[in-house]
Amino acid sequence: MSEGDVLGSSPGVANSASSPTSASLPHRRSFLRWLLRGLETVLAAVLGVPTVVYFLSSGRPSTRPQGFRRVAKLSDILLQGKLSAKTGKRVYEAVIRDVRRDGWTLFPNEIIGRVWLVLDVHRPLDPNQPDETLVAFTSVCPHLGCAVGYDAENERFSCPCHAGTFDISGRVLEGPPSRPMDRLEIRLVADPSSSAEKQDYFVEVRYLDFVPDVPEKIPKA
Amino acid sequence: MWQRLRDWLHDRLGYRELMHILTLDISRLGQPWRFVWASALSCVLIVLVVTGIMLMLVYSPGVSTAWGSVYYLQYEMHFGWLIRALHHFAAQVFLVLLAAYLLFLVFVGLHLPPGEVVWWTALLLLAVAFANDVTGNPLPWDQKGYWALHVELNIVGGIPGLGSAVRQWVQAGNEAGQLTLTRLYTLHVFILPAITALLLLGHRLALRRYLQRATTITVSSLPSSLAGGHKVLARLVVLSILLGLCFTRNAVPLGITSETSASQPDAMTASEMTWWQRFAWLGRWGVGALLEAPADPSRDYPIARPKWTYWFLFELRQSLEGPWAAWATVFGPVIVFLVLFLLPLAGRGRARQPIYVLSVVLIISLAIAVSFLIARTWWKDYGPTETAEKFRAEVHQQRQLAQRAIILAFQGIPAEGAAELLRRDPLTRGRELYRTHCASCHAFGMTIPASNPVAPDLENFAKPDWIYRLLQNMRDEKSIESQVLPQMASWLRREYDRAARADEKERMAGVTPQAVAKLEEDLRLIAEWLASHPRRPVPSEGPERETFDKDPSLFARGYRAFEARCLRCHPYNGLGGGDTKGPDFTGYGDADWLRGLLHAPFEMSYYGPSMVRWSRNPIKRAWMPAFRDTESTNAALWQRDLERLLQQLQERVPEDDPKREERWQVLRQACTWLPLSELDRELIIRFVLGDGRLVFGGPSVAP
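Below, the structure is looked at part by part.

Here the focus is the side chain of D296 of chain B. Note that D296 of chain B resides in the loop between helix 11 (275-280) and helix 12 (311-319). Residues contacting D296 of chain B, with those up to four places away along its chain left out, are Q143, W147, A419 and R423 of chain B.

Here you go:
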């Protein structure tokens, strides 16, 4: 039952004969038919286009501030970090907290990620250039984004999903990861509550997500 | 190519036989105008199904998520308002069309043999459509849907026999909640639509058989025109009506302003939107289907009504009393339905004509009765009567609550659920709490009068004008302010007197008097400075102090005025104070300062020291009590602290005071606390400070 059939046939034969202007009728009919069809197309578009737009949209995009976040104190790493006997470095896990918007729900204070802070205890610390002494890795595996944990026994980082392992400097030892663990920008800010002779610092990290499973470290847009 | 593909498919599936059974070009039988129903109904049905699936992409059935998801759909998704409005109105158009279709079936006698199944399936379709309406209405889990469901479940539960079992199954708990919602959802999106599909199939098959059999159709035929365009026209009319309904303003607007204002999120300004964005978010202007405030069993809803499609039952229930009410709303419709259902069975042979007449009369009177009852409810609620006006006032109030909830939702909904939006809104809940906890002494402008106004009005608290007015009121000895803060008031009056005397002298000397003007200017400056809730440290000496003295900023100028006039009594950031200590003004009037004040107004940095002096004052008036969480684990610790503090205060009363014991008693009375939970305290503080942000539980990340 296609509409073409219906429109092509002339169902009301008996009635059309009674019309006084039967000669011009087919012409007028076809005009009306096209008019109706046109109107219906317009209406279908008015309903259809928004539906498609709705189907493809996902509401408000969530934006996350990309500035530095305070994650720990230097003394925390020294006191609570796990000591790696081979390298003399201390490994400490810090959490990143932030406001998280999930659809309509707002979590005011959620753990949105974790970072591994590795402090070389034997090197002198320059608060303005801490990169040589203190390193921050995101716990997100560069392979496919699982959470990388620290294996204290073997003194290395390992990812539970596809058995990727990294040494304490983040270099790939085994497994599928195509790049080392992602380092994060780091900065130290003096803790005003600490005394001058035992100066403590806040460790601040610029937390970013990176594109997984590519050899280069590319921040996610 | 296309033909070959179809042939191949037919060869493998044999679908053409199926299509042959399912489809029937009724228009070939003549009288196409009478058969536009199928076209109109099916296009509404398609709209319902498509928009229904679209809604399912976002909707999340659950008491804590349902409202939020519908809010998100309507106010944040592109064209979500249109999808929801289409679904909302298509459901109602479908019901009306179906009812009209039933009328039509009776008029043309299609319900009589051999059309029984045509009639039964149509009748059942109507019943299922009603069921779909009633299961869909509570899904947004807003006040409107929740309270309607609440009543409906009670009505169902009251039916003798199966009633309570049905209610138990739907409710799946002691009251309507999580499982009720998932059950209604399953019924609404799967079970009832599946039944509808089966009934439609049955209806189609029965109608086909009927028309194949019928040689003549009893009612005179209408002229056909437009060469089959009738179907298109029917669809056009129905869809236009539907679209027109969608563009009516039933929803609550978000309160969009043309310019950004401090209290509203950026995204709520219209000036930056393109025309396309405005169209996509038209729901923010209140276009589309209504979404009320989130369901909250603890908040009453005085305008509870079923959906208008059920108003005839609602009206019957209201106009009848006693056991008849139950009959009218439950057994009445069932009996009418059964009569209608069984009617065709009687219309065999010679009885056909009388039964036809009877059924036409019956269905017309039924239609009139239902329309009348619906109109009557409408008249009661929206007519020009006094009760209707009252009802509309209530509606207005509920809409305001809904708008508030939606504005709050824009900033994010707590994970605990959307009902928390209003429960944690300073401007809604905070105001209510202010009324119960504070308004016995403190008025709040014209909106909240104090039952015993012995303390300042807190509207616009800690704003420059409020502080300045507070100071000016103290010049009048009888004002509330000078009775509550007698030392401060007498100091101020002395200052004014001194300034007036200085002015007098200057006037005698022929110089333009300046002292009073200078005092008032200083007071204004201090008021402005205090209203900025100053907390910054100030250098007290050295070269830093010298540069600070030349600093023209408001903070520095304000502080210098404060230092000259107030610092002797009021400490600021470790400076000033002394023996005649007044309250510490570090951060005066900000949330932290208020928190401390509410927690312990008798503390040494608030009114403690002045309380000692005040207790010499003969006027006996209660001091502001502390408000604390008495359930807190710290309560015992606080009690010990309080005792220590009381001792300190009592020691400050001079030993030679003859009424020492009496004064101790006064102090003891002043050092009391009343229970107030931490959340309620935060709500009140934000309300007083005019801070409309939601109070989330737990520590929050600084913005």
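That covers the picture; the talk isn't over yet.
Take unusual backbone geometry next. Between P113 of chain B and the following residue, P114 of chain B, the backbone shows a cis peptide bond with an omega angle of 10 degrees. Tracing the backbone through its elements, the reader meets P114 of chain B in the loop between helix 5 (80-107) and helix 6 (116-136). A positive phi angle is found at E155 of chain A, which is not glycine, with a value near 55 degrees. With respect to the secondary-structure elements, E155 of chain A resides in the loop between strand 6 (149-151) and strand 7 (156-158). Given a relative accessible area of 15%, E155 of chain A falls into the buried group. Phi is positive for F79 of chain B, close to 60 degrees, though the residue is something other than glycine.

Side chains of nonpolar character tend, in soluble globular proteins, to be buried together. All names here are of chain B. Counting 112 residues, the largest nonpolar core has W67, Y71, Y101, L105 and L421 as its most contacted members. At 17 residues, the largest contribution of residues to this core is made by helix 5. I448, W529, L594 and L598 belong to the second-largest nonpolar core, a separate cluster that totals 53 residues.

All names here are of chain B. According to the stated counting rule, one finds 44 aromatic pairs over all chains in the structure shown. Members of the aromatic cluster, each reached through a chain of ring pairs, are F461, W466, W529, F548, F555, Y559, F562, Y572, F585, Y588, W593 and Y606. Over the face of the ring belonging to W169 we find R183, whose NZ or CZ atom lies 4.9 Å from the ring centre. A cation sits over an aromatic face here: R628 above W673, 4.9 Å from the ring centre.

With that settled, the discussion passes to the environment of Y92 of chain A. All names here are of chain A. Relative to the assigned elements, Y92 resides in strand 3 (residues 89-102). For Y92, a relative accessible area of 13% puts it in the buried group. Considering only alpha carbons, one finds Y92 and I77, 15 residues apart in sequence, at a separation of 5.6 Å. Setting aside residues up to four positions removed in sequence, Y92 forms contacts with A72, D76, I77, Q80, G81, V115, W116 and L117.

It helps to recall that an α-helix has 3.6 residues per turn; residues three or four apart then point in one direction. All names here are of chain B. With 17 residues, helix 21 (residues 515-531) should reach 24 Å at 1.5 Å per residue; the first-to-last C-alpha distance of 24 Å fits that figure. For helix 21, the full list of buried residues reads L519, D522, L523, L525, I526, A527, W529, L530 and A531. Tucked into the core, helix 21 has its buried residues touching helix 18 (464-473), helix 20 (486-508) and helix 23 (554-565). H533, located one to two residues past helix 21, shows a positive phi value of around 50 degrees.

Let's shift gears to the pattern of salt bridges. All names here are of chain B. One pass over the full model with this rule turns up 48 salt bridges over all chains. Among the salt bridges present, the one from D549 reaches R545, with a minimum N-O distance of 2.9 Å. Highlighted residues: D549 and R545, both in helix 22 (residues 542-550), separated by 4 residues, approximately one helical turn. Its relative accessible area of 11% is what places R545 among the buried residues. Note that E682 is salt-bridged to R595, the shortest N-O span being 2.8 Å. Of this pair, E682 sits in helix 28 (residues 678-688) while R595 sits in helix 24 (residues 591-599), and the two are 87 residues apart along the sequence. Residue classification places E682 among the buried positions, given a relative accessible area of 14%. Several salt bridges share partner residues, and in doing so they unite D296, E416, E420, R423 and R424 into one network.

All right, on to the packing of helix 2 (residues 15-22) of chain B against helix 9 (residues 178-213) of chain B then. Residue and element names in this part refer to chain B. Across the interface, helix 2 lies against helix 9 with an axial gap of 9 Å and an inter-helix angle of 75 degrees. As far as their axial angle goes, helix 9 and helix 2 are roughly perpendicular. Residues H20, I21 and L22 of helix 2 form the contact with helix 9, whose own contacting residues are L201, R204, L205 and R208. Its residues placed into classes, the contact of helix 2 with helix 9 shows 4 nonpolar, 1 polar and 2 charged.

Residue and element names in this part refer to chain B. If you walk through the whole model with that rule in mind, you get 3 cavities of 30 Å³ or more. Put simply, the largest cavity is a space of about 40 Å³. Lining the largest cavity are H150, L153, N154, R167, Q171, E175 and A176. At the level of secondary structure, the elements contributing two or more residues to the lining of the largest cavity comprise helix 7 (143-157) and helix 8 (163-171). The element contributing the most residues to the lining of the largest cavity is helix 7, with 3 residues. Each residue belonging to the lining of the largest cavity can be placed in one class, and the counts come to 2 nonpolar, 3 polar and 2 charged.

What counts and how
- Every chain begins its residue count from 1, and numbering advances along the sequence as written.
- Here chains are named by letter from A upward and ligands by number from 1 upward, in the order in which they appear as written.
- Only residues with pLDDT of 70 or above have their local features reported here, since the model is predicted, and side-chain atom pairs are shown and tallied only from 80 upward, although totals for entire chains, interfaces and linings are computed over all residues.
- Note that the side-chain values use all heavy atoms of the structure and ignore hydrogens as well as water.
- Going along the chain from the N terminus, every DSSP run of H or I of four or more residues is numbered as a helix, and every run of E of two or more is numbered as a strand.
- It only takes one pair of heavy atoms within 4.5 Å for two residues to be counted as in contact.
- Between buried and exposed lies partly exposed: a residue is buried under 20% and exposed over 50% of the maximum accessible area for its type, with that area taken using a 1.4 Å probe on protein chains only.
- To form a nonpolar core, buried Ala, Val, Leu, Ile, Met, Phe, Trp, Tyr and Cys residues must be joined to one another through side-chain atoms within 4.5 Å.
- The pairing test for Phe, Tyr and Trp rings, Trp by its six-membered ring, is centres within 6.5 Å, and the orientation test on the planes gives stacked under 30 degrees, edge-to-face over 60, and tilted for anything in between.
- By definition, being over a ring means that NZ of Lys or CZ of Arg is both within 6 Å of the ring centre and within 35 degrees of the ring normal.
- Expected helix span is computed as 1.5 Å times (number of residues minus one).
- When a carboxyl oxygen of Asp or Glu lies within 4 Å of a side-chain nitrogen of Lys or Arg, that pair is called a salt bridge.
- All axes are obtained by fitting lines to C-alpha atoms, using only the stretch in contact for helices, and the reported angles, taken between N-to-C directions, cover 0 to 180 degrees.
- With respect to orientation, any angle under 35 degrees is reported as roughly parallel, any angle over 145 as roughly antiparallel, any angle of 65 to 115 as roughly perpendicular, and every other angle as oblique.
- Note on residue categories: nonpolar means Ala, Val, Leu, Ile, Met, Phe, Trp, Tyr, Cys or Pro, charged means Asp, Glu, Lys or Arg, and polar means any other residue, Gly included.
- The method works on a 1 Å grid over the protein atoms by themselves. A cavity is a set of points holding a 1.4 Å probe that cannot get out, a pocket is an open set with protein on both sides within 12 Å along at least five of seven lines, and residues with an atom within 4 Å of a point line them.
- Grid points are joined across faces, edges and corners, and a volume is the space filled by probe spheres set on the points.

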